[in-house]
Amino acid sequence: MKIRTLALLAALTGSGLMTGAVQAQGFVFGTGQPPADAAAPAGMRNAKVETAQRLLARLGLLRETPSGKLTPATQEAIRVFLAQNKLPASAQVNDGLLNALRRVIWQTQNWSSGNYKGREKLVDAQGLREAQIILGQLGFNAGPLDGTFGPQTQVATEAFQESQGVTVDGLITATVLMNLRRAVNGAGASARETVRVLNWPDYIDAGVLQDFEKETSIRVVYDIFTSNDDLQARLRAGGTPYDVVFPTANAVPAMAAKGLLGKLDKASLKNLNNIDPRVDATLRAWDKDGSYSLPYMWYTVGIAWNPKLTAKAYPGHAMDSLSNVFDPETARRFQSCGVGVVDSASDVMPLAAIAGGQAKWNGKSSVNAASQVLERLKGIVKVIPTDQYIDALASGKICVAIGFSGDAVQAQAKSRGTVEYRVPTEGGLLAIDAMAVPANAKNRRAAHLFIDYLMRPQVIAKISNTVGYANANLKAGEFMSESIKSNPAVVPSTASLSRSSPIPILSEQDRQDIARAWSRFSK
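Okay, so let's go over this structure. Since we're looking at a predicted model, the values are computed, not measured.

What follows deals with the overall build of the protein. Regarding its fold elements, the protein presents 22 helices and 17 strands. The proportion of buried residues among the 523 residues of the protein is 56%. For the protein, contacts bridging at least 24 residues in sequence account for 70% of all contacts bridging at least 6.

Structure representation (structure tokens):
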């Protein structure tokens, strides 16, 4: 990314949260006398508290989901932040605190190059400039239209995200740019109603959303989550509920048992017969009666690598084995070019258990086996955030990794074919991402219309062609590109599928044990 050099922001002083006006990319960080906003009452949702929570989380000081409520954990995080930066103690969440948080983030986390805590989430300079232009057209001042990510762009993006009712992080990802384009093109301008959709990153075709809006006059508010745990936290949190969500199928039973999902009205779905009965039967391994979910995309979890890089690191070595990542001696051979696992504990741990001698998932013994494998890999194998995995493979920052087949396909496209993917010789995982309706959905009618629309062969084929995942539609093949449907990373051979077992249903105890083990490994 072409980055403009930013002047170093003035140092914080101990005399107050802000002294003097410091300007960078058109944004003034505070004034000499910040407004004396009243402290947000504990237990009440407050926009400034929610912003403070997001910023505290970026600094690693807060782990709870931003709620807009001044919780004890939030108060403690604020206390620690003020103490660390030698600022006066304060119980107030006001503009002065928010500006101080932003200033420290910009000074310490290299936001000028589009990163925070090492997470590369921004689009390229061309896309960033387009986003700045669109933000301006929509009435949000993004600062200079220079294709660089400065604080004014961040603040304008937060304001746009808040206006859309989606997750607010202030960063311009591919999803944010897609939503900006849709907004400036009048998406939903004549809408009579709204459907709120929560999906995985990079998992839709923008044209599908626009076509649905044009046909139905239903506005799509499109948001993303990064893990099934994140999804469940969103469904439990307050705020406007979502209408359609896309959990991994093995998470459906627990979500349904917790009352987070509602039963589908399948009688209202005109395209239900398009679903491949073989995929639907596999889905029943998790959602026994098929009451809560329908298949969206299916995939395998296996091993991806860059042949040019791995050949240099370990000449003549076979790459389709779990040992390349899970055996520490072998993994060290690839450490120089990057060896990793996607940051999805429920997908990686079962494969680590296989590598540890547990061919079939068996609760605590499998968690223990996987934990022992991961413990030996600390300092060797990287944990790659889900929204970085594709780019890490495509750019050659990682030469071998455990992850999702569809992401490997997208990396192949971005790298012009320099990424390979296989189901491991020891066995892989077969998984389905499902379509479901939350129990508290506000617009169940629109939710079912959206799901039914996605079950049209031409529509789901368009999504498969974009995201590189196999769909569950019997009639979609004729509309899919040959390069996608003939790719073994998309549709594995019969032999590879025979080595793949459905991703296990995890008990609540499994989930807790996995979370603890993963936390130790991913530190």
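Across the 8 residues of strand E14 (residues 428-435), 8 count as buried, placing the element largely inside the fold. Pairing geometry for strand E9 (residues 294-305) and E14, over 7 bridges, is antiparallel. Each bridged residue has a counterpart across the sheet, and for Met297 the counterpart in E14 is Asp433. Bridge count between E14 and strand E17 (residues 500-502): 3 bridges; the pairing is parallel. Paired with Leu429 across the bridge in E17 is Ser501.

So, on to the packing of aromatic side chains. Aromatic ring pairs: the centre-centre distance and the angle between the two ring planes describe each pair. Under the definition given, this model contains 11 aromatic pairs. Here the aromatic rings of Phe140 and Phe160 are separated by 6.1 Å at their centres, their planes lie at 80°, and the arrangement is edge-to-face. Of the two residues, Phe140 sits in the loop between helix H4 (125-137) and helix H5 (151-164) while Phe160 sits in helix H5, which places them 20 residues apart along the sequence. Of the two residues examined, Phe140 and Phe160, each falls in the buried class. Members of the aromatic cluster, each reached through a chain of ring pairs, are Tyr203, Phe246, Tyr296, Tyr299, Phe404 and Tyr469. Stacked on the ring of Tyr242, the Lys or Arg Arg196 has its end atom at 4.6 Å from the ring centre. Above the plane of the ring of Tyr314 lies Arg333, whose end atom (NZ or CZ) is 3.8 Å from the centre.

Take the sheet that holds strand E5 (residues 193-199) next. Taken together, the 3 strands give an open sheet; going across it, the order is E6-E5-E7, and neighbouring strands pair in parallel fashion. The open sheet has two free edges, formed respectively by strand E6 (218-224) and strand E7 (244-245), since each of these has just one partner strand. Bridge count between E5 and E7: 2 bridges; the pairing is parallel. If you follow Leu198 over to E7, its bridge partner there is Val245. Relative to E5, helix H18 (residues 444-454) is tilted by about 60°, and along the sheet it contacts E5, E6 and E7.

A separate point is the environment of Asp205. As for its placement among the helices and strands, Asp205 is situated in the loop between E5 and helix H7 (206-216). The buried category is assigned to Asp205, whose relative accessible area is 12%. Asp205 sits 262 residues away from Val467 along the chain, and the two C-alpha atoms are 7.6 Å apart.

Looking now at the packing of H7 against H18. Axis separation between H7 and H18 bottoms out at 11 Å; the angle between their running directions is 125°. The angle between H7 and H18 places the two elements in the oblique class. The handedness of the crossing between H7 and H18 is right-handed. Taking contact as the criterion, the partners of Val208, Leu209, Asp211, Phe212 and Glu215 in H7 are, on H18, Ala446, Leu449, Phe450, Tyr453 and Leu454. In the contact of H7 with H18, the residues fall into 8 nonpolar, no polar and 2 charged.

One pass over the full model with this rule turns up 1 disulfide. Through a disulfide, Cys337 is tied to Cys399; the S-S separation comes to 2.1 Å. On the S-S bond that ties Cys337 to Cys399, the torsion sits near 55°, and the link is right-handed. Within this pair, whereas Cys337 is found in the loop between helix H13 (328-333) and strand E10 (339-342), its partner Cys399 is found in the loop between helix H16 (389-395) and strand E12 (400-404), the two being separated by 62 residues in sequence. Taking relative accessible area as the criterion, Cys337 reaches 14% and is therefore assigned buried. The exposure class of Cys399 is buried, given its relative accessible area of 0%.

Let's shift gears to the nonpolar core. Judged by nonpolar contacts, the single largest core of 119 residues is most densely connected at Tyr296, Phe326, Ile402, Leu454 and Ile463. Apart from residues lying up to four places away in sequence, Ile463 is in contact with Tyr203, Ile204, Asp205, Val208, Tyr296, Met297, Leu454 and Gly468. Membership of the second largest hydrophobic core comes to 19 residues, among which are Leu55, Leu56, Leu70 and Ile105.

Where burial is concerned, most of E9 is hidden: 12 out of the 12 residues are buried. When E9 meets strand E16 (residues 470-471), the two strands line up antiparallel, connected through 2 bridges. In the strand pairing of E16, Met297 is matched with Asn471. Examined bridge by bridge, E9 and E12 share 5 bridges and lie antiparallel to one another. Within E12, the residue paired with Ala304 across the bridge is Ala401. One ladder, built from 3 bridges, connects E9 with strand E13 (residues 420-422); its direction is antiparallel. Within E13, the residue paired with Trp305 across the bridge is Glu420.

Now for the pattern of salt bridges. Tallied over the full model, the rule gives 22 salt bridges. Note that Arg234 is salt-bridged to Asp223, the shortest N-O span being 3.7 Å. Here the residue Arg234 occupies a position in helix H8 (residues 228-236), and Asp223 occupies one in strand E6, the gap between them amounting to 11 residues. Beyond isolated ion pairs, a larger network of salt bridges with shared partners links Arg54, Glu158 and Glu162.

Within the secondary structure, Gln161 sits in helix H5. Here Gly170 takes part through its backbone nitrogen, which lies 2.9 Å from a polar atom of the side chain of Gln161. Sequence-distant contacts of Gln161, defined by excluding residues within four places in its chain, comprise Val166, Thr167, Val168, Asp169, Gly170, Leu171 and Val176.

Rules used in this analysis
- Residues numbered from 1 in each chain as written.
- Predicted model: local features only at pLDDT ≥ 70, side-chain atom pairs only at ≥ 80, totals over all residues.
- Heavy atoms only, no water.
- Helix = DSSP H or I, 4+ residues; strand = E, 2+ residues; numbered from the N terminus.
- Buried < 20%, exposed > 50% of the residue type's maximum accessible area, 1.4 Å probe, protein only.
- Contact = heavy atoms within 4.5 Å.
- Pairing = 2+ DSSP bridges.
- Phe/Tyr/Trp six-rings, centres within 6.5 Å; stacked < 30°, edge-to-face > 60°.
- Lys NZ or Arg CZ within 6 Å of the ring centre and 35° of its normal.
- Axes fitted to C-alpha atoms, helices over the stretch in contact; angles between N-to-C directions.
- Parallel < 35°, antiparallel > 145°, perpendicular 65-115°, else oblique.
- Left-handed = near helix turned anticlockwise from the far one by under 90°.
- Nonpolar A, V, L, I, M, F, W, Y, C, P; charged D, E, K, R; others polar.
- Disulfide = S-S within 2.5 Å.
- Core = buried A, V, L, I, M, F, W, Y, C linked by side-chain atoms within 4.5 Å.
- Salt bridge = Lys/Arg side-chain N within 4 Å of Asp/Glu carboxyl O.
- Polar contact = N/O pair within 3.5 Å; in protein donor to acceptor, adjacent residues only side chain to side chain.

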